[in-house]
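Per-entry structural report
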Amino acid sequence: MRTSYILASTAAAALVAAISPAAAQEVHYGSGDSVTVLQGFAPGGGSDTLAQLVQPYLAEELGGVTFVNQYQPGATGAIAWTQLAKQVEPDGETISITNTPMLMTNYIMNDSITYTIDELTPIANVVTDPGVAVVPANSPFQTFEDLMAAAKENPGTVTIGNSGVGGDDFFTSVLLEQAADVKFQKVPFEGDGPSWTAAMGGKIDASFNNVGITYPQVKEGNLRALVVFAEERLDELPDVPTAKELGYDVVAGSSRGYSGPAGMPEEARQHLIDAFTRVVENPEFQEAAAAQAINIDFIPGDDYAAFLKSQEEEFRGVWETIKDDVQAD
Amino acid sequence: MGRILVAVVAIGVAFYMYGQAADYPRAARRLPQLLSIILILLATLAVVREVVRLRRARLADGAAAGPLVTLPEPGKVLIGVAFVALIFVYAWAIPVAGYLVATPLMLALPLIALRPVGWRGIGITIVAVTGVIWLIFIWFLNLPVPLYPGA
Amino acid sequence: MPESFLWIGLANVFVPVNLAAIVGGTMIGMVIGAMPGLSATMAIALLLPLTFSMEPETGLSMLASLYLAAMYGGSIAAILLRTPGTPAAAATVLDGFPMAQRGEAGRALGLSLTASLIGGTISAIALLTIAPILGRIVLNFGPIEIFAVAVLGITIIGSLSQGSTILGLFAGVLGLLIGTVGMDPTTGTPRFTFGILNLFSGVEFTVALIGLFSVPQAIRLMLKSEADREGRVSSIRDRMLPTWPQFRELLPNSVRSSAIGVLTGLIPGTGGDTASWFAYNEAKRFSRNKEAFGTGHPAGIVAPEAANNAVVGGALVPTIALGIPGSSATAVLLGGVMVHGILPGPTLMTEYGDVTYTLLWAVLFANVALFVVGLFFTRACVAVTKIPNRVVGPVIIVLSVVGSFALNNSMFDVWLMLVFGMLGFVFDEVGIPTPPLVIGLILGPVLDTSLQQSLLIGQGNWLFFMQSPIAVVLLAIALLSILQSTPLFPAIGRKLRKPREASDLGDDLPGSRE
């Protein structure tokens, strides 16, 4: 599924590049303009990393626009996204970094969170950090099959860490449970870091995490990656099989992109998409991203909207089936 | 007397929270319910101790025990109430009137009413405080505080 | 290999631009730390973009010195205005403010500065020498062990409640209960949020802290007529630095508190806010002059200040040895490392050893810079005590309002801060201690999360906690502290100690009661 997006996006990018010179002349954003980027998470997190990486290049592409990061952490991003959907003037001067799946799971799981993706204008997805299952170096589980066999034998005893209820890793473990008809003991942590730390210390059997986050420890041999939840094997982990290869149809990861409020001027949106397209094609940018182990997954415009929509559907379905179990008495 | 009041209010809050938590899943209500019960117990203990203490104090003083609550001077109460009200008005005024209007007023009103320093002192205080905080929080840190009315 | 990095790093620190970065970072950190609502974490986050254009070692040296200086800066407002500039300085209020009120603001700040220097230096040395070994310890702290740490932390409440233990426990449990507000970690249920999104992540305890300490203080200042301000005026000539004998008496307390700071910094999820209370509690426990605490006792300033600066080195140990941030501030620092294309993790010690060791030396030298800069800066700050009460009151309010807004860019936090301010005022008026409430707010979420995680890992078996030796030891210490605060235990202790007390006045400093 992801591959098709990437294919489609490159095609779209090529098309945009072909016709853009004319559009790009008509500058909507320009020097002296200031664009506020609402960030739903505290400084230093994954969203901030993306902002710090992308925005300098993007500012240049937009002819010297100034990006102002406005951090409004709280409620796993819902405060910033509610503001984006409900309060922000749709003039293109305020956009936000939108994280999948939290952007959707927030309101799927909580009735008090009222925004939906229909109140947003998806601009482009920029990165996707594929999911990975890691175990400590001294774990008895040598392969993913070992782990699954143990989970099958003693349902509910294999402890699997995730980054928090509603995060991508939580849903990955649920999708896998459903695909393989097993039951894990899911242990939520407050973010990816504490989750893999607990796995490395042998406090839990495995951590479902993200490749970009755990890669340094895997490379150093402190953690062992058993499986990646990607479409294809990854360049940085060539020996690690994908879940699909092993017969589990689970592809998951944590994606981050940019969205604006609904009703944002089409021209501004297109201008941003064009600029993003040029940024991700810039070899200098690609090098900088690779140095930080950031996996670029560019999905522009309507494809991003479709991606969010399909994800929303998938997670709504998953949540409906597990809701009662998670909130069991 | 004040302690008893606080403890009683706390018991009420704890009961309310206990009841609210009853609707939560087991993992979510475990700690809040446990803590509510402990809070109710502690508050009850505090009330009992306070009552005993007051009783003892009154017995020791004989019949001529003073009033249960000693009221502070009326002047101070007025200053206190006015100041607290001003604090809340200030918080309300920032998004409405903007930092650059609300803050000088917040500083000016008590200074002019109470005159702890001369007029020059008042002027310097207002300009210096508004300016330094603007410099650090808004100019340097880019805080999105509304600055003017309607902004 | 690491030896050579050690010397490369040392040489790097002495490059003029790096020295300038250290001094600059120190100055900015001190000012930001002194502002309520602006924490060390935020200071680092905000200056991060500034360091992008610098060499990695220059930028990191600047951020590390900023972190360290903000820890000291927090104590300035705590001592002078009873408004802790950072959460880590909350414990400093207990003795720092009374000492300043006595007219010894300079001395209080001097003690804080000296303690910060000792704490920072010890932690920097620990970082330089045993970081790789200490780093491994972190992995032993899983949910069960962190739960035990939280329980141990709660036992502090008993010893913090001056006067009545019941009222102290009452405030502490209330804090813990308020700490459970927000989304439940295992089921995602929003608890006590009334549908308000700002409460989903819980009550930010920095907001509560600003309200609890500073608003009542501002109101009190307004109520005092100018006649009773004689206590607040400090003579500027008031000796800031402790004399050599005084310093020697402070040393055991400082070293102990620094060790507590380093260890607390190591443990993921606990930082300067927790460490300073732990150190305060231990200083009180070891002191033979327990009653003096809370009245402006030097040991009560030294302990939290040494500890919160020692946290910096402690928190950097797992950050550098393993790539696991030990505190929120180091998490942001890691972000700064990544921007330069350096992946956090074990390679920091090998591949990027030169940058890392420059950072480690910078931490050490930042302490010296802090001390020197601090001496000048603090002298200027003492002048605050000469300003009339009724001028200071409104200023505290403006600072608190803007500061609590700054935390999350949210007016909601301002209102929440004022609600806590009213609560703090009522508590102060009726004589219920507020520090236990703060501890409860800090530890409530830690306790809740780690308990739920432990029960999940242990399949719901409460005896699971007994399987971890670390947890057992910590819980046993917690039990001992609880027993100590019951009437039985001190009675025995007093009997044993009595014969010595007559000849030995304990670790109280000479002249602290003058």
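Okay, so let's go over this structure. (Residues numbered from 1 in each chain as written. Chains lettered and ligands numbered in written order. Predicted model: local features only at pLDDT ≥ 70, side-chain atom pairs only at ≥ 80, totals over all residues. Heavy atoms only, no water.)

To describe a pair of aromatic rings, you give the distance between the ring centres and the angle between the ring planes. A complete count under the given rule lists 22 aromatic pairs over all chains for this structure. Arranged with centres 6.4 Å apart and planes meeting at 20°, the rings of Y304 of chain A and F307 of chain A form a pair that is stacked. Taken together, the residues Y304 of chain A and F307 of chain A, both in helix α11 (residues 301-326) and three residues apart, mark about one turn of the helix. Classification of Y304 of chain A by relative accessible area gives buried; the value is 0%. Taking relative accessible area as the criterion, F307 of chain A reaches 0% and is therefore assigned buried. Summarising the aromatic geometry, the rings of W361 of chain C and F365 of chain C are spaced 6.4 Å apart at their centres and angled 40° between planes, so their arrangement reads as tilted. Of this pair, W361 of chain C and F365 of chain C both sit in helix α13 (residues 353-382), four residues apart, which is roughly one turn of that helix. (Phe/Tyr/Trp six-rings, centres within 6.5 Å; stacked < 30°, edge-to-face > 60°. Helix = DSSP H or I, 4+ residues; strand = E, 2+ residues; numbered from the N terminus. Buried < 20%, exposed > 50% of the residue type's maximum accessible area, 1.4 Å probe, protein only.)

Formed by 243 residues in total, the largest nonpolar core has its most connected members in Y90 and F137 of chain B together with L38, Y67, F170, W277 and I397 of chain C. For this core, the element with the most residues is helix α5 (residues 90-138) of chain C, which contributes 19 residues. The contacts of Y67 of chain C, once residues within four sequence positions are left out, are A40, I44, V311, V312, A315, S327, A329 and T330 of chain C. Counting residues in each nonpolar core, the second largest holds 56 residues, with V88, Y107, L120 and V326 of chain A among its members. (Core = buried A, V, L, I, M, F, W, Y, C linked by side-chain atoms within 4.5 Å. Contact = heavy atoms within 4.5 Å.)

On to unusual backbone geometry. The linkage connecting T100 of chain A with the following residue, P101 of chain A, adopts the cis geometry, with an omega of 5°. Tracing the sequence through the fold places P101 of chain A in the loop between β3 (94-100) and α4 (102-109). In the Ramachandran plot, A75 of chain A falls in the positive-phi region, its phi being about 50° despite a non-glycine side chain. Position of A75 of chain A among the secondary structure elements: in the loop between β2 (66-71) and α3 (78-86). On the basis of relative accessibility, which here comes to 0%, the residue A75 of chain A falls in the buried class. Its identity is not glycine, yet F194 of chain C carries a phi of approximately 50°, on the positive side.

This next bit is on the interface of chain B and chain A. Taken together, the five residues of chain B in the interface contact four residues of chain A. Looking only at chain B, the three residues that lose the most surface to chain A are P25, R26 and P144 of chain B, adding up to 73% of its buried area. Applying the counting rule to chain B against chain A returns zero salt bridges. Inspection of the region where chain B meets chain A yields zero residue pairs in polar contact (both at pLDDT 80 or more). (Buried area = accessible area lost by both parts, 1.4 Å probe. Salt bridge = Lys/Arg side-chain N within 4 Å of Asp/Glu carboxyl O. Polar contact = N/O pair within 3.5 Å; in protein donor to acceptor, adjacent residues only side chain to side chain.)

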